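Survey of secondary and tertiary structure
So the chains spell out like this:
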Amino acid sequence: MGEAPALCVEDLKVRFSNGFGLRSKGFETSTDVGDKTFVIGCNNNDSTSSLEVHIYDKSGRKWVIPTVLGTKPKPYEGHSAVLLNEDRIMIITRGSTPDDCIWFLEVDTEYVKQQKEGSETEVVAWSKGVRGDAEKPVVISGPSGVGKGTLINMLMKEFPSMFGFSVSHTTRAPRGTEKNGVHYHFTERSVMEKDIKDGKFLEFASVHGNLYGTSIEAVEAVADSGKRCILDIDVQGAKSVRASSLDAVFIFISPPSMSELEERLRLRGTETEEQIQKRLRNAKAEIEQGKSSGIFDHILCNDNLEKCYENLKKLLGLDGSAPINPKPSPNGIDLPPNHSVSKIDNKIIIQHETPESGNASNNLIVLEVSLLKGGAPGRTRGLNVYNVDPVSNCLNGIHKPS
Ligand SMILES: Nc1nc2c(ncn2[C@@H]2O[C@H](COP(=O)(O)OP(=O)(O)O)[C@@H](O)[C@H]2O)c(=O)[nH]1
Ligand SMILES: Nc1ncnc2c1ncn2[C@@H]1O[C@H](COP(=O)(O)OP(=O)(O)O)[C@@H](O)[C@H]1O
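What you are looking at is a predicted structure, and each value in this text was computed from that prediction instead of being measured.

1. Some remarks on the overall build of the protein
What the protein contains, in helices and strands, is nine helices and 23 strands. Counting every position in the protein, which comprises 402 residues, the buried fraction comes to 47%. Counting contacts in the protein only where the partners sit at least 6 residues apart, residues at least 24 apart contribute 57% of the total. Of the accessible surface of the protein, which amounts to about 19900 Å², a share of 49% is contributed by carbon and sulfur atoms.

Structure representation (structure tokens):
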């Protein structure tokens, strides 16, 4: 086999593009996937907050309004759309901040197929694109009063730049010292139920009579800040996360005995007698499930707090053998305000356009998309971004991976 030919700037002019004044009307682009056309955008220039997705079913000759899952991009000035792998449309926005300019609308990925099962409508899902990878989140479960919160606090205190806590939503009332947005997002049930329906939650469960859930944003906000995410969730939640696309480490904390658990709950003094009894009843089933369900990678007994904390650190590679410097947080992508977009194989080429002539200059940003990972309901990771030497113009072999 011969070497792949170099791709030069001249080639770009004849390649596929969709957006920014090409096939766009207002902020709309249309992308064909099989026998469907996905129209994304809004057909007036006044507001991008009304970003919508419509599907034209060519075989049935009808328009369909799909269920749109996930969080959509913040308002922007226009976008280009490029189909990738026949299952997702990459959206490159204009007028967005560097950390918010690459998005994916999944139209036929595994996640979308799963969500479509049992649904009568078409389903699509938004996922934000980010550079690089994040370390696996850590899921910590165990019965109420076992010491999860205490252990997590110790970890966050000792390694503040390394770990970030996933702030859950809950319908339970705040306890005395708990702060909204720090310990939990304290939420109305109706609001939380709507957000769950809209695909904004990675998992949720009814625990001790209240609704608790991890929003996709909560986990991704921590990953975006370059920290490793810690989730404190119940066993049902851990089971849901296990079944999701989030690749995590699962740790179950067990008490030395039921009587010790009861004593800790009482000494904590945050629950009424009735609430304590409810938590103890639930604890039995949780411990059984935790130990036997195969959900958890590790089980730690919290008998002596210091010993348990040392064991937790060992599991996470923090016993001195691993580097503890935080990973630098991945950067956004600084797109020129006026640009055109083209696709060549696994490369998306963004070309600066000069306002005077409207002609494309030779400044190129290349998004390599062959190693994309994750996706809805979380972020799409693994975007590799680099600039191409404007002097030689050729893309082959001269990139500088970021
Ligand atoms: N599934 C799920 N469980 C959660 C979430 N947040 C907290 N929990 C669990 O809900 C249970 C009750 O938590 P909380 O009301 O803070 O009481 P505590 O465990 O006694 O401190 C615990 O088992 C938590 O792990 C969440 O987002 N999802
Ligand atoms: N190993 C331990 N021995 C004795 N008390 C503990 C131990 N671990 C935690 N505690 C105490 O038990 C209570 C419950 O711990 P907490 O972290 O709030 O549990 P959870 O978050 O699992 O509900 C707290 O008062 C805490 O100080």
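2. As for the site of ligand 2
The environment of ligand 2 is formed by 14 residues, the closest being Gly145, Lys148, Thr150, Arg268 and Asn302. The contact in question runs from a nitrogen atom of ligand 2 to an N or O atom on the backbone of Asp303, over 3.0 Å. When ligand 2 is considered free in solution it has 560 Å² of accessible area, and contact with the protein chains removes 74% of it. Under a 2 Å grid-point criterion requiring more than half of the atoms, the pocket assigned to ligand 2 is the largest pocket. For the shell around ligand 2, the secondary structure elements donating two or more residues are α3 (148–158) and α7 (258–268). The element that contributes the greatest number of residues to the shell around ligand 2 is α3, accounting for three residues. For the shell around ligand 2, a count of residues per class yields three nonpolar, seven polar and four charged.

3. Let's talk about the UniProt feature "domain: Guanylate kinase-like" (unreviewed entry) in the protein
On the UniProt side, "domain: Guanylate kinase-like" (unreviewed entry) is annotated at positions that read residues 135–317 here. When the span residues 135–317 is considered, its composition is 44% helix and 22% strand, and the gap between its end C-alpha atoms is 12 Å.

4. Describing the site of ligand 1
Residues in contact with ligand 1 amount to 20 residues; listed here are only the nearest, Ser144, Arg172, Tyr184, Tyr212 and Arg279. A distance of 2.9 Å separates an oxygen atom of ligand 1 from a polar atom in the side chain of Arg175. Protein chains bury 95% of the 560 Å² of accessible surface belonging to ligand 1 in isolation. Given that more than half its atoms are within 2 Å of the pocket grid, ligand 1 belongs to the largest pocket. Mapped by element, the contributors of at least two residues to the shell around ligand 1 are β14 (201–207) and β15 (210–215).

5. What about the pattern of salt bridges?
Per the stated rule, a full pass over the model turns up 26 salt bridges. Residues Arg266 and Glu262 are paired through a salt bridge, measuring 2.8 Å at the closest nitrogen-oxygen approach. Of this pair, Arg266 and Glu262 both sit in helix α7, separated by four residues, roughly a single helical turn. In this structure, Glu273 and Arg266 form a salt bridge, with 2.6 Å as the shortest nitrogen-oxygen distance.

6. A few points about the state of the cysteines
Applying the stated criterion to the full structure yields zero disulfides. Here Cys301 is not cross-linked by a disulfide; its sulfur's nearest cysteine counterpart is in Cys308, at 7.2 Å.

7. Looking at the side chain of Glu122
Turning to its location among the elements, Glu122 is positioned in the loop between α2 (110–116) and β9 (123–131). Among the polar contacts listed, one links the side chain of Glu122 to the side chain of Lys36, at a separation of 3.3 Å. Excluding residues within four positions of it along the chain, Glu122 makes contact with Lys36, Ile55, Val64, Pro66, Thr67 and Lys116.

8. Here we look at the sheet that holds β14
The strand order across the open sheet formed by four strands is β13-β12-β15-β14, and the pairing between neighbours is mixed. The open sheet is flanked by β13 (184–186) and β14, the only strands paired with a single partner. Each adjacent strand pair in this sheet contributes to an overall mean axis angle of 25 degrees, direction not counted. With six bridges joining them, β14 and β15 adopt antiparallel strand pairing. Counterpart to Phe201 in the pairing with β15 is Ser215. Lying on the sheet, helix α5 (residues 216–224) is in contact with β14 and β15; it crosses β15 at an angle near 40 degrees.

Conventions adopted
By convention here, each chain's residues receive numbers from 1 onward along its written sequence. Lettering of chains starts at A and numbering of ligands starts at 1, both following the order in which they are written. At least 70 in pLDDT is required for a residue's local features to be given in this predicted model, at least 80 for side-chain atom pairs to be given and counted, and no such filter applies to totals for whole chains, interfaces and linings, which use all residues. Hydrogens are left out, water is left out, and the side-chain values use all remaining heavy atoms of the structure. Under the DSSP-based scheme used, a helix requires at least four consecutive residues in state H or I and a strand at least two consecutive residues in state E, with every element numbered from the N terminus. Think of it in three bands: with a 1.4 Å probe and only protein chains considered, a residue is buried below 20% of the maximum accessible area for its type, exposed above 50%, and partly exposed in between. Two residues qualify as a contact provided that any one of their heavy atoms is within 4.5 Å of a heavy atom in the partner residue. Working definition of accessibility: Shrake-Rupley area with a 1.4 Å probe, residue cover restricted to the visible protein chains. Any residue with a non-hydrogen atom lying within 4 Å of a molecule or strand is treated as near it. Counted as a polar contact is a pair of N or O atoms within 3.5 Å, where, for protein atoms, one must be capable of donating a hydrogen and the other of accepting one, and residues adjacent in sequence contribute only when both atoms are in side chains. With a 1 Å grid laid over protein atoms only, a set of points is called a cavity when a 1.4 Å probe fits there but cannot get out and a pocket when it is open yet has protein on both sides within 12 Å along at least five of seven lines; lining residues have an atom within 4 Å of a point. Occupancy of a cavity or pocket is assigned to a molecule whenever over half of its atoms lie within 2 Å of that pocket's grid points. Each residue is assigned to one of three groups, with Ala, Val, Leu, Ile, Met, Phe, Trp, Tyr, Cys and Pro labelled nonpolar, Asp, Glu, Lys and Arg labelled charged, and all others, Gly among them, labelled polar. UniProt positions are given in the numbering used here, feature names are shortened, and annotations may be inferred rather than shown by experiment. A carboxyl oxygen of Asp or Glu within 4 Å of a side-chain nitrogen of Lys or Arg is what we treat as a salt bridge. We call a pair of cysteine sulfur atoms a disulfide whenever their separation is within 2.5 Å. Whether two strands pair comes down to DSSP finding at least two bridges between them. Orientation is described by axes fitted as lines to C-alpha atoms, over the contacting stretch for helices, and by angles from 0 to 180 degrees between their N-to-C directions.

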